[in-house]
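A structural walkthrough
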Amino acid sequence: MELRHLRYFVAVAEAGSLTVAAGRKLHTSQPSLSRQIRDLEDEVGAQLLRRSARGIELTPAGRAFLDHARVVLSQVEAAAEAARRVAHPAKPCFTMGFLTGHELTWMPEALRILRDELPNLDVMISSQYSPLLADGLAKGKIDVAFLRREKGVPGLAFRLLVKEPLMVILPSDHHLAARQVINPGDLVRETFVIVSDTAPVLRAVIDDYLKRSGINITPAHQADHVTMGISLIASTGGVGRLPAHAQNFLPPSVTSRPLKGDTPTIDLVLGYKKSNQSPILKLLLSRLDELVARASNKTR
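Residues numbered from 1 in each chain as written. Predicted model: local features only at pLDDT ≥ 70, side-chain atom pairs only at ≥ 80, totals over all residues. Heavy atoms only, no water.

Looking now at the layout of surface pockets. If you add up the space inside the second largest pocket, you get close to 160 Å³. In terms of lining residues, the second largest pocket is bounded by Leu18, Ser34, Ile37, Arg38, Glu41, Gln47, Leu49, Arg50, Arg51 and Ile56. Counting residues per element, the ones that place at least two in the lining of the second largest pocket are α3 (30-44) and β1 (49-52). Ranked by the residues each element gives to the lining of the second largest pocket, the list is headed by α3, at four residues. Along the lines of polarity and charge, the residues of the lining of the second largest pocket split into four nonpolar, two polar and four charged. (1 Å grid on protein atoms, 1.4 Å probe; cavity = no way out; pocket = protein on both sides within 12 Å on 5 of 7 lines; lining within 4 Å. Points joined across faces, edges and corners; volume = space filled by probe spheres on them. Helix = DSSP H or I, 4+ residues; strand = E, 2+ residues; numbered from the N terminus. Nonpolar A, V, L, I, M, F, W, Y, C, P; charged D, E, K, R; others polar.)

Written out as structure tokens, the structure is:
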């Protein structure tokens, strides 16, 4: 008795027809299938199938044999799958999220550190707004993320990566671009581009700075992300405050200047779920100082 005998028998029993089983399931000829069934019955020593007006029916012996045949085939497939998993183990998967615009600096260095020790690691990348990254961490869809220190998301931990100073972003031909540093009060009468609520932490930092500086500005435009803000500044001739990493994306028509006095900063952090026990996450956290040093060298 061979496994093919069992497979053929189960196929005929389920189809209720030699013709259907031969043509649609087994892709063999009906005479060949009939011979295989007869050989199986000879080996078992009992009639398993009989013809009737409705097609092929199981005998009582056939019904008893069918259950055991299915168990055997199931166990054989399980054994084969177990062997395949040992011979070809699945790659470990790790999902990293990046606040849009920060991939250029942090992604290559993070990947290099992980693949130094885990060359077969399968890394998934997600680039989104910071609140969406925090939500992904909380739901377990993302293992680690480079984002802002979002509030109101319980169960997350944050490790400081860098404090980014806010810069004044303005057209290269703007009259304030002639200055080396810009006094906050000089921005009052300008067309002002501010970030929208898609970046609540950055918006809060900017609003707090304006309040502390005694500056009352009515934004003319709101931008959902860095590249949109730069585009609005270039097209409207306005000015805006954006984190220092925005300088990586400035076209020749747009430039940046530092603020005079107490420059506001915003934290970029590495966020993760406290309950995440991934050994890959632990590896990345153990080499966090190295990651920060590598990224800092790139921005100098």
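Glancing now at the nonpolar core. Soluble globular proteins: nonpolar side chains tend toward being buried together. In this structure, Leu170, Leu187 and Ile206 are the most contacted members of the largest nonpolar core, which totals 33 residues. If you list the elements that add at least two residues to this core, you get β6 (156-171), β7 (192-195), α7 (200-212), α8 (226-236) and β9 (239-243). Ranked by residue count, the leading element in this core is α7, at six residues. Apart from the residues within four sequence positions on either side, Leu170 is in contact with Leu176, Ala177, Ile182, Ile233, Gly238, Val239, Val254, Thr255, Ser256 and Arg257. Counting residues in hydrophobic clusters, the runner-up holds 27 residues, among them Met107, Val144, Ile280 and Leu284. (Core = buried A, V, L, I, M, F, W, Y, C linked by side-chain atoms within 4.5 Å. Buried < 20%, exposed > 50% of the residue type's maximum accessible area, 1.4 Å probe, protein only. Contact = heavy atoms within 4.5 Å.)

Our next topic: the environment of Leu285. Note that Leu285 resides in helix α9 (residues 279-286). Between the C-alpha atom of Leu285 and that of Leu156, which follows or precedes it by 129 residues, the distance is 14 Å. Sequence-distant contacts of Leu285, defined by excluding residues within four places in its chain, comprise Arg159, Leu270 and Tyr272.

Summed over the entire model, instances satisfying the criterion amount to 18 salt bridges. In this structure, the salt-bridge partner of Arg4 is Glu2, at a minimum N-O distance of 2.7 Å. Judged by its relative accessible area of 43%, Glu2 is partly exposed. Taking the shortest distance from any N to any O, the salt bridge between Arg112 and Glu109 comes out at 2.8 Å. One end of the pair is Arg112 and the other is Glu109, both in helix α5 (residues 103-117) and three residues apart, which spans about a single turn. Assessed through its relative accessible area of 40%, Arg112 is described here as partly exposed. (Salt bridge = Lys/Arg side-chain N within 4 Å of Asp/Glu carboxyl O.)

Moving on, we get to α9. Among the residues of α9, Ile280, Leu281, Leu283, Leu284 and Leu285 are the ones counted as buried. Capping of α9 at its N-terminal end is provided by Ser278; its side-chain oxygen lies 3.1 Å from the backbone amide nitrogen of Ile280. (Polar contact = N/O pair within 3.5 Å; in protein donor to acceptor, adjacent residues only side chain to side chain.)

A word on empty space enclosed by the protein. Applying the stated criterion across every chain yields a total of two cavities of 30 Å³ or more. In this structure, the largest cavity occupies an estimated 200 Å³ of space. What lines the largest cavity is a set of 17 residues, among which Leu99, Ala199, Leu202, His225 and Val226 lie closest to the centre. Considering only enclosed or pocket space, the second largest cavity measures out at about 40 Å³ in volume. Lining the second largest cavity are Val193, Ile194, Val195, Ala223, Gly229, Ile233, Gly240, Arg241 and Leu242. Taken together, the elements giving at least two residues each to the lining of the second largest cavity come down to β7, α8 and β9.

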